[in-house]
Amino acid sequence: MPERLRALLIAPPGAGKGTQATAICEEFGVEHISTGDLFRAEVAAGTALGRQVAGYLDRGDLVPDDVVLELVRAKVIDALERTGGYLLDGYPRTLAQAEEAHAIGVQMGISAHAVVTYEVPRDVLVARLQERAHLEGRADDDDLKTILHRIDVFDRETAPVLDYYTGLGVLIRIDANRPVADVTAATIAALRAVVGASA
Ligand code: AP5
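Throughout what follows, the structure given in this document is the object of discussion. (Residues numbered from 1 in each chain as written. Predicted model: local features only at pLDDT ≥ 70, side-chain atom pairs only at ≥ 80, totals over all residues. Heavy atoms only, no water.)

A few points about empty space enclosed by the protein
The following threshold applies: Put plainly, a pocket is an open set of points on a 1 Å grid over the protein atoms alone with protein on both sides within 12 Å along at least five of seven lines, a cavity is a set where a 1.4 Å probe fits but cannot get out, and a lining residue has an atom within 4 Å of a point. Grid points are joined across faces, edges and corners, and a volume is the space filled by probe spheres set on the points. Gly counts as polar in this scheme, as do all residues outside two lists: the nonpolar Ala, Val, Leu, Ile, Met, Phe, Trp, Tyr, Cys and Pro, and the charged Asp, Glu, Lys and Arg.
The tally for this structure, following the rule as stated, stands at one cavity of 30 Å³ or more. Of the voids in this model, the largest cavity is the one considered here, and its volume is about 50 Å³. Surrounding the largest cavity, Leu 9, Ile 10, Ala 11, Pro 12, Pro 13, Lys 17, Gly 90, Arg 93, Phe 154 and Thr 158 form its lining. Broken down by class, the residue content of the lining of the largest cavity amounts to six nonpolar, two polar and two charged.

Some thoughts on the packing of helix H1 (residues 17-28) against helix H8 (residues 180-195)
Rules: Angular values range over 0 to 180 degrees, each being the angle between N-to-C directions of two axes fitted as lines to C-alpha atoms, with helices fitted over their stretch in contact. Secondary structure elements are defined from DSSP: runs of H or I of at least 4 residues count as helices, runs of E of at least 2 residues count as strands, and each element is numbered from the N terminus. Any angle from 65 to 115 degrees is called roughly perpendicular, while one under 35 is roughly parallel, one over 145 is roughly antiparallel, and all others are oblique. Note on convention: near helix rotated counterclockwise from far helix by under a right angle means a left-handed crossing. Clockwise means right-handed. Contacts are residue-level and defined by heavy atoms, with any inter-residue pair within 4.5 Å sufficient.
Relative to each other, H1 and H8 sit at 45°, their axes nearing to 10 Å. The angle between the axes of H1 and H8 places the two elements in the oblique class. For the element pair H1 and H8, the recorded crossing hand is right-handed. Across from Thr 19, Gln 20, Ala 23, Ile 24, Glu 27 and Phe 28 in H1, the residues of H8 making contact are Val 180, Val 183, Thr 184, Thr 187, Ile 188, Leu 191, Arg 192 and Val 195.

A look at the pairing of strand E4 (residues 114-119)
Walk down a regular strand and you will see the side chains alternate between the two sheet faces. Note the cut-off: Partly exposed residues are those whose accessible area sits between 20% and 50% of the maximum for their type, while under 20% is buried and over 50% is exposed, using a 1.4 Å probe and protein chains only. Strand pairing is assigned whenever DSSP identifies at least 2 bridges connecting the two strands.
Across the six residues that make up E4, a large majority, five, are buried. Where strand E1 (residues 6-9) meets E4, three bridges bridge the pair, whose relative direction is parallel. Its bridge partner being in E4, Ala 7 is matched across the sheet by Ala 114.

A look at the environment of His 32
The line we're drawing: Within 3.5 Å is the distance limit for a polar contact, defined as a pair of N or O atoms, with the added protein rule that one can donate a hydrogen and the other accept it, and that residues adjacent in sequence qualify only through two side-chain atoms.
Mapping His 32 onto the fold places it in strand E2 (residues 31-34). A relative accessible area of 27% places His 32 in the partly exposed class. Ignoring sequence-local partners within four residues, the contact set of His 32 consists of Ala 21, Cys 25, Asp 37, Leu 87 and Asp 89. Within the structure, the side chain of His 32 is placed 3.0 Å from the side chain of Asp 89, a separation counted as a polar contact.

A look at the packing of aromatic side chains
The following threshold applies: Each Phe, Tyr or Trp ring, with Trp reduced to its six-membered ring, pairs with another whose centre is within 6.5 Å; inter-plane angles below 30 degrees give stacked pairs, above 60 give edge-to-face pairs, and intermediate values give tilted ones. Here, over-ring charges are defined by two tests on the NZ atom of lysine or the CZ atom of arginine: distance to the ring centre within 6 Å, and angle to the ring normal within 35 degrees.
Throughout the structure, instances matching the rule amount to one aromatic pair. With a centroid separation of 5.2 Å and 80° between ring planes, the pair formed by Tyr 164 and Tyr 165 is classed as edge-to-face. Taking relative accessible area as the criterion, Tyr 165 reaches 5% and is therefore assigned buried. In this structure, Arg 59 packs its charged tip against the face of Tyr 56, placed 5.3 Å from the ring centre.

Points about the site of the ligand
Put simply, the rule reads: Near residues are defined by distance, with any heavy atom within 4 Å of the molecule or strand qualifying the residue. Residue exposure ignores everything except the shown protein chains as possible cover, and the areas themselves are Shrake-Rupley values with a 1.4 Å probe.
The environment of the ligand is formed by 31 residues, the closest being Thr 19, Thr 35, Asp 61, Arg 93 and Arg 132. Within the contact set of the ligand, an oxygen atom lies 2.9 Å away from a side-chain nitrogen or oxygen of Arg 40. Take Arg 128: an N or O atom from its side chain is 3.4 Å from a nitrogen atom of the ligand. Taken by itself the ligand offers 1,000 Å² of open surface, and the protein chains cover 87% of this. Going through the elements one at a time, H1, helix H2 (35-45), helix H3 (48-59) and helix H6 (122-136) are the ones with two or more residues in the shell around the ligand. If one sorts the elements of the shell around the ligand by residue count, H2 sits on top with four residues. Residues that form the shell around the ligand fall into these classes: 14 nonpolar, eight polar and nine charged.

Describing the layout of surface pockets
Over the atoms a probe the size of a water molecule is rolled, and this reveals where empty space is left. Taken as a whole, the largest pocket holds about 950 Å³ of empty space. If you trace the largest pocket, you find 43 residues lining it, with Pro 13, Lys 17, Arg 132, Arg 138 and Arg 150 closest to the centre. For the lining of the largest pocket, the element with the most residues is H6, which contributes six residues. Forming the walls of the second largest pocket are 22 residues, and the residues nearest its centre are Tyr 86, Ala 101, His 102, Gly 105 and Ser 111. Going through the elements one at a time, helix H4 (65-83), strand E3 (86-89), helix H5 (95-108) and helix H7 (144-168) are the ones with two or more residues in the lining of the second largest pocket. Residue contributions to the lining of the second largest pocket peak at six residues, all from H5. Considering only residue class, the lining of the second largest pocket consists of 18 nonpolar, three polar and one charged.

If you want it as structure tokens, here you go:
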């Protein structure tokens, strides 16, 4: 029985992680887990966790690592039980998260087959997020200062995570400054090359 896809999407704000995740999950029959969506749902529901993380999200800062790991671990195990795979979007975002995820993944035999990153010029990221602010009204798209801060946080905290996965030999870089369908096709082709046609 071939293995189902286990993959991570790590890319800057506005690069298209959420947009691409739906098509990838449909293609590979796995579950989409977005840490950003999970946190926004907690905030909207007014839970204790939501109250704890709301300020971080509004400012465009990262939620503390220990809070993230607790949430992600349970969701990944659920997804694996339901679909045999996962597509994790927005995690890990720090080297500490990556090292912890790798250790757990190896221990449990559930490490990601591949890590996809989307490359988009900074000015295009900003334009996409400003456009989305009109369409969706997300609090962290609200002003230019917060958008730029989120991109800076990515460059400072998360870009080193990409080097970490390059070192593990699993990073796939995709040019995402082109139409959505082209990015989808490139992503699916690259992931098929890793997990095989029947996954
Ligand atoms: P998260 O929800 O992950 O937000 P983000 O990384 O800022 O990413 P976005 O959702 O803004 O962008 P995206 O890449 O998904 O792009 P999208 O497809 O929407 O995280 C939010 C917050 O949660 C963080 O700031 C942090 O506080 C917290 N958090 C989450 N994970 C954490 C972690 N692991 N550790 C600590 N804290 C964490 O596309 C954007 C727009 O562009 C859309 O309008 C779309 O239609 C458009 N678009 C997409 N692709 C294209 C294309 N190819 N051409 C033209 N337009 C396009």
